[in-house]
Amino acid sequence: QMQLVESGGGLVQAGGSLRLSCAASGRIFSSTIMGWFRQAPGKEREFVSAMTWNFGPTYYADSVKGRFTVSRDNAKNTMYLQMNSLKPEDTAVYYCAAARYGSPSIRAASYDYWGQGTQVTVSS
């Protein structure tokens, strides 16, 4: 079992920055897949980024590439999403997700564990 807890959301003006955290309890293996998704009101859950915990590249949605960066702290079992140059269209509830097996995926259905989400609101 794994539990994920997101934090760091809030209200920020367009052009600003936020850093989200995803703290994982339970064992994270090198092969654990970690992802970030977001869901705006009235829209489907949308892929933001995905990576394998300890190796390989990090993948980003085109809409966030160059503005968002994922990092991790192995000692803290925590993944971060640094969001810069935020836009109003980035407003959403942001979720972190994990999968025990597989490859980094853009599909929400590929993930087994989800956090409760954290609200990010970007004002214009």
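Right above here is the structure, for reference.
Everything numeric in this text was worked out from a predicted model, so none of it was measured. (Residues numbered from 1 in each chain as written. Predicted model: local features only at pLDDT ≥ 70, side-chain atom pairs only at ≥ 80, totals over all residues. Heavy atoms only, no water.)

Chemist: Could you clarify how one ought to interpret the pattern of salt bridges in this entry?
Modeler: For the structure shown, the criterion picks out four salt bridges. Close ionic contact of Arg38 with Asp90 constitutes a salt bridge, the shortest N to O distance being 2.9 Å. One end of the pair, Arg38, is in strand S4 (residues 33-39); the other, Asp90, is in the loop between strand S8 (78-83) and strand S9 (92-99), and 52 residues separate them in sequence. Sharing partners across several salt bridges, the network here consists of Arg38, Glu46, Arg67 and Asp90. (Salt bridge = Lys/Arg side-chain N within 4 Å of Asp/Glu carboxyl O. Helix = DSSP H or I, 4+ residues; strand = E, 2+ residues; numbered from the N terminus.)

Chemist: What's the story with the packing of aromatic side chains in this structure? I'm lost.
Modeler: When we look at a pair of aromatic rings, we describe it by the centre distance and by the angle of the planes. Scanning the model with the defined rule gives five aromatic pairs in all. Here the aromatic rings of Phe37 and Phe47 are separated by 5.9 Å at their centres, their planes lie at 75 degrees, and the arrangement is edge-to-face. Placement of the pair is Phe37 in strand S4 and Phe47 in strand S5 (residues 46-52), with a sequence separation of ten residues. The buried category is assigned to Phe47, whose relative accessible area is 12%. Seen in terms of ring centroids, Phe37 and Tyr111 are 5.3 Å apart; in terms of plane orientation they differ by 75 degrees. Their pairing is edge-to-face. On the criterion of sequence distance, the pair formed by Phe37 in strand S4 and Tyr111 in the loop between S9 and strand S10 (113-114) is long-range, its members being 74 residues apart. The rings of Phe37, Phe47, Tyr95, Tyr111 and Trp114 are connected pair by pair, giving a single aromatic cluster. Sitting above the plane of the Tyr80 ring, Arg19 keeps its charged end 4.1 Å from the centroid. (Phe/Tyr/Trp six-rings, centres within 6.5 Å; stacked < 30°, edge-to-face > 60°. Buried < 20%, exposed > 50% of the residue type's maximum accessible area, 1.4 Å probe, protein only. Lys NZ or Arg CZ within 6 Å of the ring centre and 35° of its normal.)

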